[in-house]
Amino acid sequence: MTDLADLTVTGAAAGLRAGEFSSVDLLEAVHRRAAMTEANLHAYLSIDRDGAARAAVGADSAFKSNTDLGLLQGIPVALKDNMVTRGLETTCSSKILAGYLPPYDGTAVSRLREGGAVIFGKTNLDEFAMGSSTENSAYGPSRNPWDPERVPGGSSGGSAAAVAAGSALVGFGSDTGGSIRQPAALCGIVGMKPTYGLVSRYGLIAFASSLDQIGPLTRTVEDSVAALEVVGGYDPADSTSYPGDVPDYRAGLESGVAGLRVGVVSELNGEGIDPEVQAGVDQCIAGLEQAGASIVELSLPSIEYALSAYYLIAPAECSANLARFDGVRYGLRRRGETVEEMMSTTRADGFGPEVIRRILLGTYALSAGYYDAFYGQAQRVRTLIIQDFQAAYEQADVLVSPTSPTTAFQLGDRTQDPLSMYLSDVCTIPSNMSGDPAISVPIGLDGAGLPIGFQVMAPALGEPLMFRVAAEVERQAGFEARATHATSEVVT
Amino acid sequence: MAYYYHCRLMPVDIDIGKVARLARLALSEDELNRYRQQCEVVLEHAARVQALPTDGVTGTSHPLPRTNAFRDDIVTECLDREEVLAQAPERDGDYFLVPRILDEQ
Amino acid sequence: MTYEPVIGIETHVELTTESKMFCGCAVGFGAPPNTNVCPVCLGLPGALPVVNGRAVEFAMAIGLALNCSIAHQSVFSRKNYFYPDMPKNYQISQYDEPLCIGGYLDVQTGSETRRIGITRVHMEEDTGKSIHVGEGGRISAASHSLIDFNRAGVPLMEVVSEPDIRSAEEARAFVAELRGAVLRLGVSDAKLEEGSMRFDANVSLRPKGTEPFGTKVEVKNMNSLRSLQRALEHEIDRQAALLEAGDSVLQETRHWDEAAGTTLGMRSKEEAFDYRYFPEPDLVPVEVDDAWRDRVGEAIPELPAQARARYLEMGLDPTAAGLISRDVAFGAVFEDAVAAGGVSQTVANWLTGEVTALLRRSETPLASSPIDGAALAELSGMVDAGRLSASAAKDVLAGVVAGEGNPAEVARARDLVQVSDIAALEPIIDEVLAGNEEAVGKLRRGDDKVIGFLIGQVMRASGGKADPAVVRGIIKDRVS
Ligand SMILES: [Mg+2]
Ligand SMILES: [Zn+2]
C-alpha cells in the first residue's frame, strides 16, 4: 500500500470521501514523513502539532456530518512563513521577527481554514522572500530532497522541499520574481504564480507589493487547480485584488493542445540555458507539436531588460515595505540612547545581508536625484515589457520556456555573488513584471538525476489555458519520479 | 539571456553612508564598504534600463489596471489591546515605550 | 526699507468620518490608548490599506468649496521617513497627483477682501501620538516617549495655499475662513485645541514693490488663531530686523514658543529630508468622473462667504456678518431667530456680544446650550416691546443659559419685566419729583439734562423695572 504521505491532493480527497482513511490518519502519515526528512531537509521552521491535530479532527467530524468544505478539507498543507497566521509564530525567516505571534490571519490562510485544510507548519524561505536558494534564512538553509547537498531553490524552498519529500501534500508560497516556480522546478513539483490580483495579498508579508503573488506548490497540475480554487478570488481587504469572477480553471484540463498556438520565447531559450535543461524543454515543445499545437518562434525584445528593471522595482518597494520593522511595535529590539539609534541598530542586527543589500539598493534607487533614472525608468520599461507580452499573445495562446536556466545548484555556490544568484530568476521574472500567470511543470531529470522544470505562461486571467497546456505537458512527460534521498539517509 | 553576461557596465557611485542613514541601518565602515561594492555591481547592471528609449511611455506601477477600490465608511472591530501589546518589545502600561526622540519631524 | 511679508499656509484637517482613512477602526478623540487599532493602522506585517470612500468625498467637498478643480485621476504615494509614531515608517499621502488642484478662498480683513490662491488639497493619513516623559514633556529633554496609535490612520486633508498672504492678520483671517468652510461642510470638527486642525506657515520678506521671494522660514507649532497671528507677527519682525541689520535669513524650520512669545530654530539636520516618494503599490488610483464630482458639489451647503454676503444684504454690520457666517452654530441660531421674527441686527448683536461672553464663561458650545433661535427672537421682541430693559435682558439671557427656562419664564421668575403701566408708575414718579425740587426747578427752566437724573431716580425707586421711556413721558407731562 502506498504511504498516505505520497498521495496527491486529489487522490487523498477521494480517499477521505470514500472513508478509506481519515484526516487524522493522513496527518499521522505526514508527521511520520516529516520525522524522517526534517533533519536532512529543514523544510519547516515550525510545525503546529496541536493546531493541526485539532484541524484534522474537525475535518473528520465535518466529513461525518456530510459537510463538504472542498478539496483541501482534511489535507495537510505547508505555509511559507511569510503568510501571517494568528497566534502561530511568523518569522519570514528573519531574526527581526523571531517569536512574533501575529494577532490575525491573512486572507489566504482564513480561506484555507474555512476550507477545512490542516495547517501543518510554517516553511523556511529566504529571509523576507529575498533569494533563490533558501540559503538566506536566519534559521539555516533548506535542502533539496533530490540531493541534500543542493539547494531546493527559493525563496519558497521550504514549501517546495516539503511537498517534494511528502511532509505536506500541498504547499503555499509567494512568487515575486519566480519564488514559487523556480523552487518547484528544482524540486520536481508543480508551482504556479496566479495572475496578479487573483489571490489576496492581505496577510502576506510584503516584499515587493506590485509583484508578490501567493500560489500553490503541488505534485500535479490538477492539485494546483484544486489549491487555487480554495485561496483565489476577490478580497475587498486587498485593493489590488481582481474584483471580477474567477474563471473555471478546470475547464480545459483534459482537452489537450490541438489547435493551440504555443509561443517559444527566443530571449528565454537557448543561450544562457544549461544544455541539458534546454534539451528537455525542446523535447517537450516537440511533444506539444505532435499533440497538435502549432509552435511559433517569438521575440519579446524588452524582456532582456526585465531583470534589470526588477532589481530596481523590487528593492525600491521592499525598502519601504520593510521600514516598519523598527523595534517599536513587534519583533526584535536592540538598545539605543535615542529612538533613531535604537531603530538603526535593531535593523542592522535584525536583517540579514541580502535584505540589507536590497534595502540599500531600493533606498538609493528612490532617493532624490536618482528616482527618474532608476525607479521611474524601470516602471517605464515595465510598460514596454507588458506591451511586448500583449503583442506576443496576439500570435500565441501561451508562451513557453525553461523555468530555471539550471537544475538545482550546490549549496554555497552562488552565495558570494549576488548577481549570479539573481540570474536564477531570469526566465521567471518577466511574468511578475507583466502580472500574468505562469506555471512550472516537472518534465524529467538531467544527467545528475535532478529535475528540470518547464514553464508555461499565459495572458492575465488565462489560467484555464495555462493549466490546459500544463496538463498536456504533464501527461507527455509522465514524470513520476519521487525524491527519495532525503528519506533514506541522514546527512551529517 | 546572453545579454546579461556581456553588457557593458555603467559606473555607479553610491553615497552609501547617506543611504544607510536614510534606511536606518547602523553599519560599520567595513560593512558599508562591502555593501557599496555589491550594490554598485547590481546597479551597474540595473542601470541598463536607461539604454531603452522610453520617450512618451507612461510607467506602470500596477500590473493589473484597476481604479476606485473603496471601502464603505463603516467601523469594524479593533484588535485586543493586550494581544497587540504582548508583541511590543517594550511597553509602559497601555502604551508602547520608545527611547527618547531627538528631533521633531 | 519697508518689507512685505510673503506667507503661505499649509493646513491639516482631520476628517470626521466614522472610520479611519485606510481601515475600519473608529475615528474619535479620547478613546483609551491603543484601543482603536487594527493590523492596518498599526502597520502590522502583511496588512494592506483600503481607501475610505467617504473620506474621498469629504476631500472633494473641501476642494469644491475652495473652488478647486477635481482631478479625474489622483494617486496615493508613500512618503518615506522614520518616526516612531508612524507605524509603517512611511505616510500614505498624495504627492504629484493630488485630488484637488488650483482654487482660491476670498478672505476678509476689516473692510478689505482679498483672494488667496489654493495650490492643492490632498488626502493623507495622520500619525499616532507620542507623550514625552520627563522634563515637563519637552521633546528634547524627555527620557523616553510613550506611543498611542489611536490617531494613526485618521483621515487627514492637507490644504496648501499659494504664497498670497501679506500679513499676520490676513493669515489668521485665512485660517478662520477655511475653518468656517470646513465646519459648514460638516467634514471636520476643526478643533484647534484638540489638534483636529493644525497649520504651518512659510514666511519670507521682500522689499516692498519687488517680485523675487526672500528666503523662507517654516513656522510650526501654533495651536490657535491667536498664536498663529502672534507667531507670524514675531517672525516678520525677526526677519525684518535681520534684513535691516544687513544679515541674511537662514532657511530653516522654527518652532513657535507660546509662553515665551518667540520662534525658536530647531536643531538642523546635517542633511535635508529625502522622502523618496513613489506611487503606493498597495492602492489603486482614484478616478472621479463629472457625475460623481457634480453629485458631491450639489450636496455642498451655503459657505461662509455666501452667507456673509447675504447677511450684509440683510443689513448686518461687516464684523457681525463675518463672525456669524464663519460659525455653523451661530449661523443656524441667527437664521432661526430672524425667521422667528427677531430683528437681524439686534439678534446679531446679542449673539456676537452677550451670548458669546456668557458661553465662554460657562465653557458651553452654543450648539449644546439652551440658547436657540426662538429664545433670541423672544428676547429681542421683549426688548423692542419695552418689556425688558437692556440690562435686564442680560440677566434674562444668563438665566436662559443656566437652563431656567425660556426668556419670558426667566424674566417673570427673576421679576425683571419692566413696569410700563402708567397707573403703577405715577405714585412712584410723584414721590421722586416731590423729593427733588431743585432738579424739577432746573427742568422747568429748560435744563433738559436733568431729566436723565430724575429718570434714574425713578428706576432706582422701582427696583429697575420701570420702563424708562414711559417714565420720561410722565415726567415731561408733570413738569410742563
Ligand atoms: Mg502632510
Ligand atoms: Zn485600524
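Provided above is the structure to which this section pertains.
This one's a predicted model, so the numbers in the text were calculated from it and none came from an experiment.

Engineer: Which parts of the structure should I look at to understand the overall build of chain B?
Structural biologist: When you go through chain B residue by residue, the secondary structure sums to 4 helices and 3 strands. Taken from the N to the C terminus, the helices and strands of chain B come in the order α-α-α-β-α-β-β. Residues counted as buried form 50% of the 105 residues belonging to chain B. Across chain B, the fraction of contacts at a sequence separation of at least 24, relative to all contacts at a separation of at least 6, is 47%. Of the accessible surface of chain B, which amounts to about 5400 Å², a share of 47% is contributed by carbon and sulfur atoms.

Engineer: What exactly am I supposed to notice about the packing of helix α14 (residues 450–461) of chain C against helix α15 (residues 468–479) of chain C here?
Structural biologist: Geometry of a packed helix pair, given as the angle between the helix axes and the separation of the axes. Residue and element names in this part refer to chain C. Direction vectors running N to C along α14 and α15 enclose 120 degrees, while the axes themselves pass 10 Å from each other. When the axes of α14 and α15 are compared, the pair comes out oblique. Relative to α15, the crossing made by α14 is right-handed. Facing Ile451, Leu454, Ile455, Val458 and Met459 of α14, the residues of α15 in contact are Pro468, Val471, Arg472, Ile475 and Lys476.

Engineer: I tried to follow the pairing of strand β7 (residues 100–109) of chain C on my own but got confused; where do I start?
Structural biologist: On a regular strand, each side chain points to the face opposite its neighbour's, so the side chains alternate between the two faces of the sheet. Residues and elements named next belong to chain C. Two strands pair when backbone bridges link them, and strand β3 (residues 69–70) and β7 are joined in this way by 2 bridges, in the antiparallel orientation. Within the sheet, the bridge partner assigned to Ser69 lies in β7 and is Ile101. Examined bridge by bridge, β7 and strand β8 (residues 112–125) share 9 bridges and lie antiparallel to one another. The residue bridging Thr109 from the neighbouring strand is Glu112, located in β8. Hairpin connection of β7 to β8: 2 residues between the antiparallel strands, including Gly110 at a positive phi of 60 degrees.

Engineer: Help me understand the coordination of the magnesium ion (ligand 1) in this model?
Structural biologist: Expected angles at a metal are 109.5 degrees for tetrahedral coordination by four donors and either 90 or 180 degrees for octahedral coordination by six donors. Residues and elements named next belong to chain C. In the first shell of the magnesium ion (ligand 1), the protein supplies His12 (NE2), Glu124 (OE), Glu124 (OE) and Glu158 (OE), at 2.0 to 2.7 Å from the metal. Positions of the donor residues of the magnesium ion (ligand 1), expressed as sequence spacing, correspond to H-x111-E-x33-E. In this pair, His12 sits in strand β1 (residues 3–14) while Glu124 sits in strand β8, placing the two residues 112 residues apart along the sequence. The residues His12 and Glu124 share a single accessibility class, namely buried.

Engineer: Please clarify how the sheet that holds strand β1 (residues 44–47) of chain A should be interpreted in this entry.
Structural biologist: All names here are of chain A. Spatially, 11 strands are ordered β1-β3-β2-β4-β6-β5-β10-β11-β9-β7-β8 in an open sheet, and the strand pairing comes out mixed. Bordering the open sheet on either side are β1 and β8 (294–298), each of which pairs with just one other strand. Strand-to-strand twist of the sheet, defined as the mean angle between neighbouring strand axes without regard to direction, takes the value 30 degrees. Inspection of the sheet shows strand β9 (residues 398–402) paired to strand β11 (residues 451–457) by 4 bridges, in the antiparallel sense. Of the residues in β11, the one forming a bridge with Val400 is Val456. Across the sheet, helix α2 (residues 23–41) is in contact with β1, β2 (76–80) and β3 (118–123); its angle to β3 comes to roughly 20 degrees.

Rules and cut-offs
Residues numbered from 1 in each chain as written. Chains lettered and ligands numbered in written order. Predicted model: local features only at pLDDT ≥ 70, side-chain atom pairs only at ≥ 80, totals over all residues. Heavy atoms only, no water. Helix = DSSP H or I, 4+ residues; strand = E, 2+ residues; numbered from the N terminus. Buried < 20%, exposed > 50% of the residue type's maximum accessible area, 1.4 Å probe, protein only. Contact = heavy atoms within 4.5 Å. Areas by Shrake-Rupley, 256 points an atom, 1.4 Å probe, with all protein chains shown as cover. Axes fitted to C-alpha atoms, helices over the stretch in contact; angles between N-to-C directions. Parallel < 35°, antiparallel > 145°, perpendicular 65-115°, else oblique. Left-handed = near helix turned anticlockwise from the far one by under 90°. Pairing = 2+ DSSP bridges. Donors = N, O, S within 2.8 Å, 3.2 Å for Na, K, Ca; no water.

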